Amino acid sequence: MKAPAAPTIIEEIDLIDSGDDDCGSLASSSTANTSRSATPTNRSRKLKKRKASSKVVKPPYKYSFHLKEDHNQPIFGAQFHHGIKNKNIFASVGSNRISVYECLPNGQITLLQSYSDPDTDEIYYTCAWSTEPDESKTSRPILAAGGLRGVIRVFCLKMQTCTKHFIGHGHAINELKFHPKLAHILLSGSKDHSLRLWNIKTGICVAIFGGVEGHRDEVLGADFDLKGGKIISCGMDHSLKLWRLDKPGIKEAITNSSNIDYTKNYGLFPTIKEHFPDFSTRDIHRNYVDCVFWLGDYILSKSCENSIVCWKIGSNMEETEVKPKDNRTTIIHRFNFKECDIWFVRFGMDYWRRIMALGSQNGKVFIWELDPTDVNLTKCSTLSHQKCTSTIRQTAFSRDAQILICICDDGSIWRWDKVL
């Protein structure tokens, strides 16, 4: 397969006053129409309304700043780099653009770098941060991004260029996550119904999760547990599936993938084909499941039903191990909200998994401050701004949770700061 052309870097530019108070505008070199549907499916069912049990409190964040990229296309993904000390750096992806910003101490946002894909039809949906050693053996930040064309690109901020790209998925890439313990291991979820595990250091595709009992439609979300031994995935088939990485075969493949030169041994690595998940359920949601996170041994998942569900595997609270062929689940709590029944709207969690934020179709942000002893005691609040009226596609927290970023369908980025 012919290698795709490398993205070009757009020179660093300053924010330009657009005439709105506290608002900046960024120049763009491309426009592209998104193929993301505004509605989840014509098979959508109306659910019975439930009374929210969360305690409503004063919002813990206040508006600080917003800017808008002039491609006028949705920004689908945003992530902070939690490994950079004393700086709050985040990336956003949308259209064929990848942008890296810094949140300044004065409450504003400044552009550091921006990359434009040579294919104007590319639409980036997701991004993820990690680190890699440089020549002096110190860590430097790297950013992975993927989208419509199914190509994963890895960018080095220090070199200001795309250093690697990986092709393997047969369709669009909806999710990217780096392993919490192994900085060189990357997980991707795709419209081709599968997940892939990559070693970005050697270029090896370590494992493919899907097939016989895999997802039957697009994989929309996935997450590693804290130890990196399990993956939970979700998709358009309404299902959530658990895949274990702590099996001897997969652990050995991950280790071996670092000991081979992919450029000299192309196609020789025995990629693991995992057709059977260790757990699967369709009992939690009745529609597309587009976002999922681990919360200790619990799982938080969201569908197009105006509710995020906290649940666990097993028929009771005492069970901690997944039993073979036991697909029973226990629902612990439902976080209900309004005006968010379209797909590919993803909630965010802070580094310590103590705060959760989700945007709505009308520009509001729902904040839940999770109680570590009982999720039923969660504090709930809503953020809003008169100029923020577009769908918020994703939210992201800085490592210390002092800053919340929201990205929207109209190409705008909003900053909210913790109330001191």
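Since the structure is predicted, the reported quantities are computational estimates derived from the model, not experimental observations.

What counts, and where the lines are drawn
- Within each chain, residues carry numbers counting from 1 in the order of the written sequence.
- In view of the model being predicted, local features appear only for residues whose pLDDT reaches at least 70, and side-chain atom pairs are presented and counted only at 80 or more, with totals across whole chains, interfaces and linings using the full set of residues.
- Only hydrogens and water are set aside; all other atoms, that is, all heavy atoms of the structure, feed into the side-chain values.
- Helix and strand labels come from DSSP, where a helix needs a run of H or I of at least four residues and a strand needs a run of E of at least two; each type is numbered from the N terminus.
- To sort residues, take the accessible area from a 1.4 Å probe on protein chains only and compare it with the maximum for the residue type: under 20% means buried, over 50% means exposed, and anything in between is partly exposed.
- What makes two residues a contact is simply this: any of their non-hydrogen atoms within 4.5 Å.
- Note that accessible areas follow from Shrake-Rupley with a 1.4 Å probe, and for residues the cover is restricted to the protein chains shown.
- Remark: nonpolar core denotes a set of buried residues (Ala, Val, Leu, Ile, Met, Phe, Trp, Tyr, Cys) joined through side-chain atoms within 4.5 Å.
- The pairing criterion for strands is at least two bridges between them, as found by DSSP.
- Interaxial angles span 0 to 180 degrees and are taken between N-to-C directions of axes, which are lines fitted to C-alpha atoms, for helices over the stretch in contact.
- We define a salt bridge as a side-chain nitrogen of Lys or Arg found within 4 Å of a carboxyl oxygen belonging to Asp or Glu.
- Our arc is simply the arc of the directions from the helix axis toward the C-beta atoms.
- Under the pairing criterion, centres of Phe, Tyr and Trp rings, with the six-membered ring standing for Trp, must be within 6.5 Å; the plane angle then separates stacked pairs below 30 degrees from edge-to-face pairs above 60, leaving the rest tilted.
- Lysine and arginine charges are scored as sitting over a ring when NZ or CZ, respectively, is within 6 Å of the ring centre and within 35 degrees of the ring normal.
- Two N or O atoms count as a polar contact when they lie within 3.5 Å, although within protein this holds only if one can serve as hydrogen donor and the other as acceptor, and sequence-adjacent residues are included solely when both atoms are side-chain atoms.

(A) Just the overall build of the protein, in detail. When its secondary structure is counted, the protein shows one helix and 33 strands. Expressed as a percentage of the 420 residues in the protein, the buried residues total 56%. Long-range pairs, those at least 24 residues apart, make up 58% of the contacts in the protein between residues at least 6 apart in sequence. Only carbon and sulfur atoms are counted for the fraction: they give 49% of the accessible area of the protein, which is about 18,800 Å².

(B) How the structure looks around the nonpolar core. Counting 21 residues, the largest nonpolar core has Leu-300, Ile-308, Phe-335, Phe-347, Met-356 and Trp-368 as its most contacted members. Listed by contribution, the elements that provide at least two residues to this core are strand E23 (289-295), strand E25 (307-313), strand E26 (329-336), strand E28 (355-359) and strand E29 (365-369). Residue contributions to this core peak at three residues, all from E23. The next biggest cluster of nonpolar side chains, apart from the first, holds 19 residues, and it includes Leu-197, Ala-207, Trp-243 and Ala-253.

(C) Examining the sheet that holds strand E13 (residues 161-167) more closely. With respect to topology, four strands assemble into an open sheet ordered E10-E11-E12-E13, the strand pairing being antiparallel. Either end of the sheet is taken by a strand with one partner, and the two such strands are strand E10 (124-133) and E13. Here the strands of the sheet are splayed against their neighbours by 25° on average, with no regard to which way each runs. By the bridge criterion, six bridges tie strand E12 (residues 151-156) to E13 in an arrangement that is antiparallel. For Val-151, the partnering residue across the bridge sits in E13 and is Ile-167.

(D) Highlighting the pattern of salt bridges. Scanning the entire structure with this criterion turns up 13 salt bridges. Measuring nitrogen to oxygen at the nearest pair gives 3.3 Å for the salt bridge that ties Arg-353 to Asp-223. Taken together, the positions of Arg-353 in the loop between strand E27 (348-349) and E28 and Asp-223 in strand E18 (residues 219-224) put the pair 130 residues apart, joining distant regions of the chain. For Asp-223, a relative accessible area of 3% puts it in the buried group. When salt bridges with common partners are traced through the structure, they connect Asp-117, Asp-119, Arg-149 and Arg-153 into a single cluster.

(E) Seen up close, helix H1 (residues 248-256). Looking at H1, one finds that the buried residues are Ile-250, Ala-253 and Ile-254. Taken down its axis, H1 places every buried residue within 100° of arc, on the same side. Close packing links the buried residues of H1 with strand E15 (185-190), strand E16 (195-199), strand E17 (204-209), strand E20 (240-244) and strand E21 (272-274).

(F) Examining the packing of aromatic side chains more closely. Under the defined criterion, the tally for this structure stands at 20 aromatic pairs. Summarising the aromatic geometry, the rings of Tyr-61 and Phe-397 are spaced 6.1 Å apart at their centres and angled 55° between planes, so their arrangement reads as tilted. Of this pair, Tyr-61 sits in strand E5 (residues 61-69) while Phe-397 sits in strand E31 (residues 392-397), and the two are 336 residues apart along the sequence. Both residues of the pair, Tyr-61 and Phe-397, belong to the buried class. Relative to Trp-416, the ring of Tyr-63 has its centre 6.0 Å away and its plane inclined at 75°; by these criteria the two rings are edge-to-face. Taken together, the positions of Tyr-63 in strand E5 and Trp-416 in strand E33 (residues 412-418) put the pair 353 residues apart, joining distant regions of the chain. Residue classification places Trp-416 among the buried residues on the basis of a relative accessible area of 4%. In this arrangement the basic side chain of Lys-177 is found over the ring face of Phe-293, its NZ or CZ atom lying 4.7 Å from the centre.

(G) Region of the structure containing the side chain of Ser-239. Residue placement: Ser-239 occurs in the loop between strand E19 (230-235) and E20. Overall, Ser-239 belongs to the buried group, its relative accessible area being 2%. Here Asp-237 takes part through its side chain, which lies 2.8 Å from a polar atom of the side chain of Ser-239. Once residues within four sequence positions are removed from consideration, Ser-239 is found in contact with His-215, Ser-233, Cys-234, Thr-281, Arg-282 and Val-289.

(H) Seen up close, the sheet that holds E23. Taken together, the four strands give an open sheet; going across it, the order is E23-E24-E25-E26, and neighbouring strands pair in antiparallel fashion. Where the open sheet ends on each side, the last strands, each with one partner, are E23 and E26. Sheet twist, expressed as the average angle between the axes of neighbouring strands with direction ignored, equals 25°. By the bridge criterion, four bridges tie strand E24 (residues 298-303) to E25 in an arrangement that is antiparallel. Looking at E25, one finds that Lys-302 is bridged to Ile-308.

(I) Quick peek at the pairing of E20. Of all five residues in E20, five are buried; the element is thus mostly enclosed. Here E20 shows a buried face lined by Leu-240, Leu-242 and Arg-244 and a second buried face lined by Lys-241 and Trp-243. With five bridges connecting them, E19 and E20 associate as antiparallel partners. Residue pairing in the sheet places Ser-233 in a bridge with Lys-241 of E20. Adjacent in sequence and paired antiparallel, E19 and E20 are bridged by four residues, among which His-238 carries a positive phi angle near 70°. Taken together, the three bridges between E20 and strand E22 (residues 279-281) define a ladder with antiparallel strand orientation. Bridge assignment links Leu-240 to a residue of E22, and that residue is Thr-281.

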